[in-house]
Amino acid sequence: MLETQELTKHFKGLRAVNNINLKVDEKEIVGVIGPNGSGKTTFFNLLTGFLKPTYGKVLFQGKDITAKRPDTIAELGVTRTFQLDRLFHDFTVLQNVAIASRLHARIGFWESIFHTPQYHKKFEQTWDHAMKILQFVGLADKKDELARNLAHGHQKMLGVAIGLAADPKIVLLDEPCAGMNPKEIDTALELIGKIRASGKSVILIEHNMKAIMNVCDRMIVLNFGTEIARGTPDQIQNNKDVIQAYLGVEKHAA
Amino acid sequence: MKLGKISGYIVFVIILFLLPIFLTSSEYYLHVFILCGINVILAISLRAITTTGQISLGHAGFMSIGAYTSAILAMKAGVPVYGALILGALAAMAVAAIIAFPITRVRTVYLAMLTMFFGTLISLIFTEWRGLTGGTSGLMGIPQLGTISIPGLINIEFATKLPYSYFILVLALIVILFLYAIDRSYLGMTFKSIAQDEFLAASIGTNIANHKAIIFCIGCFFAGLAGSFYAHYNSVLTPDTFGLFPSLYIMVYVIVGGGKRFAGAIIGAIVLTILPEAFRVVKEYQPFVFVAVLFIVIFALRGGLVTLPDVIKAQIKKIHRRKAENA
């Protein structure tokens, strides 16, 4: 469904992402792991149009979406969440998701200005849709709180809700479990399973090894922007290169 | 909206409509009333632009496009004044649409510089295009608004300042209602989401540049409208009316009134139109009045004058609590 071909990004000579070929099928959960600074988030930025690749292609459902604008890519059905708690902090939880439902809502410009009957109908549908998403991620009881006042775990969940509100076909989650306690991680993993069950694919960046091993079908390991391993969680766990990348090499190469 | 709130607004509007009658004793008071109306339109249209996180330090430039277009069309092309009024506003919007491309692609200090540059450039063009605009000596004898008459019912001649007061009052109320409708709609929410986090807004499918361009054009349309009205009201136009300082003043209206709330810009424009008039005897020092008020707001009332009732309420509560603790 989503495919990259030789995807490469250079930052002034630094190869942040180097020659990545990845294919994600429908209803698949693919993990992307690697040490800090290994280019995982840059990879996400390339997929969603926030950065333009130096070389290579991104295909979605066979269509070339390389270097298209983020909003166009979202409209096609690829959305993402952010590592930092990027939220509309001055909005309530429900408003956050309602505004994120804009691709679902499709409220036109003139409708919005003149408040036509069509507008009121769509407006209500949008709010219903937002409420459904909040129930899906388990934030329904927090709907009237300001986003800035939420606890960290709930902010993370709201970030996922925002990513889901546009009805994407594939959602890219950037460290959804970062800074969560074990109980919250369990809820988050359960949610990722539910996202797949609802017919979407997921690409997941995560530092919590236990979490990612439990939930992924396949994974790819990056180090210095280059792929060093790929396979099922079991294969990755026993891979020598991966262990070296995380724990360091015994003898330093010159 | 609650019924009490609506009736409150209605009473307020009735008072506004009665106000010019009480001011008829002095031409000068009516003049200040009309200036308030013009400045309110300028301030809320600029405030609308700021809801997306943009700023413009060239708003008076767009006002001048409306003013000159309308004046020249009415004087030299024989266009009926009311038609020229609308065409002036449309001209301002058209120029805004053209420069929207660079403007929606920069932020912060670069945006401030770019809009400032465009605003100054526009007034420079009007100064130098002597054949059309009369250069620094300006245009004189711009036709007044035409008589509005429905036979047997009303017959309004724009001979004194009183009908102008009512015209600008109605115009300002229409602009306020229009921009309020946008502000409270899904579109208005989208603008505010862009101001909070552009990257997040883009990631959920918002076309950032389009939205910024739309509100920039709408804002400049109303700036042009205010300019067109000003030209026909004042009947004399000189380019120094629309330089850099007037642009900065409009931004100050928004900041002093409080841009976060819809009513803020309106309050800022009215207060800062009336207050400097009290210092008319020392006209050269009027900018200092602005700076003084701006200082007070920035350091003591960050949310603007519109938050003053809330701040006072909070203070009273604090005092009460302290008393209760001491007792």
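Residues numbered from 1 in each chain as written. Chains lettered and ligands numbered in written order. Predicted model: local features only at pLDDT ≥ 70, side-chain atom pairs only at ≥ 80, totals over all residues.

What follows covers the overall build of chain A. Each helix and strand in chain A was counted, giving 11 helices and 10 strands. In terms of overall size, chain A behaves like a compact globule, its C-alpha atoms giving a radius of gyration of 19 Å where 254 residues would be expected to give roughly 18 Å. A buried classification covers 42% of the 254 residues belonging to chain A. (Helix = DSSP H or I, 4+ residues; strand = E, 2+ residues; numbered from the N terminus. Rg over C-alpha atoms; globule rule 2.2 N^0.38 Å. Buried ≥ 20, exposed ≤ 12 C-beta atoms within 10 Å, placed from the backbone.)

Counting residues in hydrophobic clusters, the biggest one holds 161 residues, and the most contacted among them are Val97, Ala161 and Leu204 of chain A together with Ala43 and Ala92 of chain B. In terms of residue count, helix 10 (residues 208-234) of chain B provides more of this core than any other element does, 15 residues in total. Mapped onto the domain boundaries, this core takes at least three residues apiece from domain 1 (2-77 + 168-247) and domain 2 (88-151) of chain A. Discounting residues that sit within four places of it in the chain, Leu204 of chain A has contacts with Ile29, Val30, Gly31, Val32, Leu173, Ile192, Ile212 and Cys216 of chain A. (Core = buried A, V, L, I, M, F, W, Y, C linked by C-beta atoms within 7 Å. Domains from an automatic or database assignment. Contact = placed C-beta atoms within 7 Å.)

Right, let's talk about the interface of chain A and chain B for a bit. At the interface, 28 residues of chain A touch 19 residues of chain B. Sort the elements by how many residues they give to the side of chain A that touches chain B and helix 2 (residues 70-76) of chain A lands first, with 4 residues. A breakdown of the residues in the side of chain A that touches chain B according to their chemical character gives 16 nonpolar, 6 polar and 6 charged. (Nonpolar A, V, L, I, M, F, W, Y, C, P; charged D, E, K, R; others polar.)

Another point: the domain arrangement of chain A. Split by domain assignment, chain A resolves into domain 1 (2-77 + 168-247) and domain 2 (88-151). Just the C-alpha atoms count here: the centres of domain 1 of chain A and domain 2 of chain A sit 28 Å apart.

Now for the pairing of strand 3 (residues 29-33) of chain A. Residue and element names in this part refer to chain A. When you tally the buried positions in strand 3, you get 5 out of 5 residues, the bulk of the element. Side chains Ile29, Gly31 and Ile33 project from strand 3 onto one buried face, and the interleaved Val30 and Val32 project onto a second face that is buried too. Sheet topology note: the strand 3/strand 8 (residues 201-205) ladder contains 4 bridges and is parallel. When the sheet's bridge partners are listed, Val30 is paired in strand 8 with Ile203. Across 4 bridges, the pairing between strand 3 and strand 9 (residues 218-223) is parallel. Its bridge partner being in strand 9, Ile33 is matched across the sheet by Val221. (Pairing = 2+ DSSP bridges.)

Along the chain, Arg80 of chain A turns up in strand 6 (residues 78-80). Taking the C-alpha atoms as reference points, Arg80 of chain A and Gly49 of chain A, separated by 31 residues in sequence, lie 11 Å from one another. Beyond its immediate chain neighbours, meaning those up to four positions away, Arg80 of chain A contacts Phe44, Thr48, Gly163, Val171, Leu172 and Asp174 of chain A together with Ser203 of chain B.

Excluding glycine, residues mostly have negative phi values, and the peptide bonds linking residues are mostly trans. Residues and elements named next belong to chain A. Positive phi, close to 55°, is recorded for Lys27, a residue that is not glycine. Unlike most non-glycine residues, Asp167 shows phi in positive territory, near 55°. Inspection of the secondary structure assignment puts Asp167 in the loop between helix 7 (152-165) and strand 7 (170-174). Classification of Asp167 as partly exposed rests on a count of 13 C-beta atoms within 10 Å.

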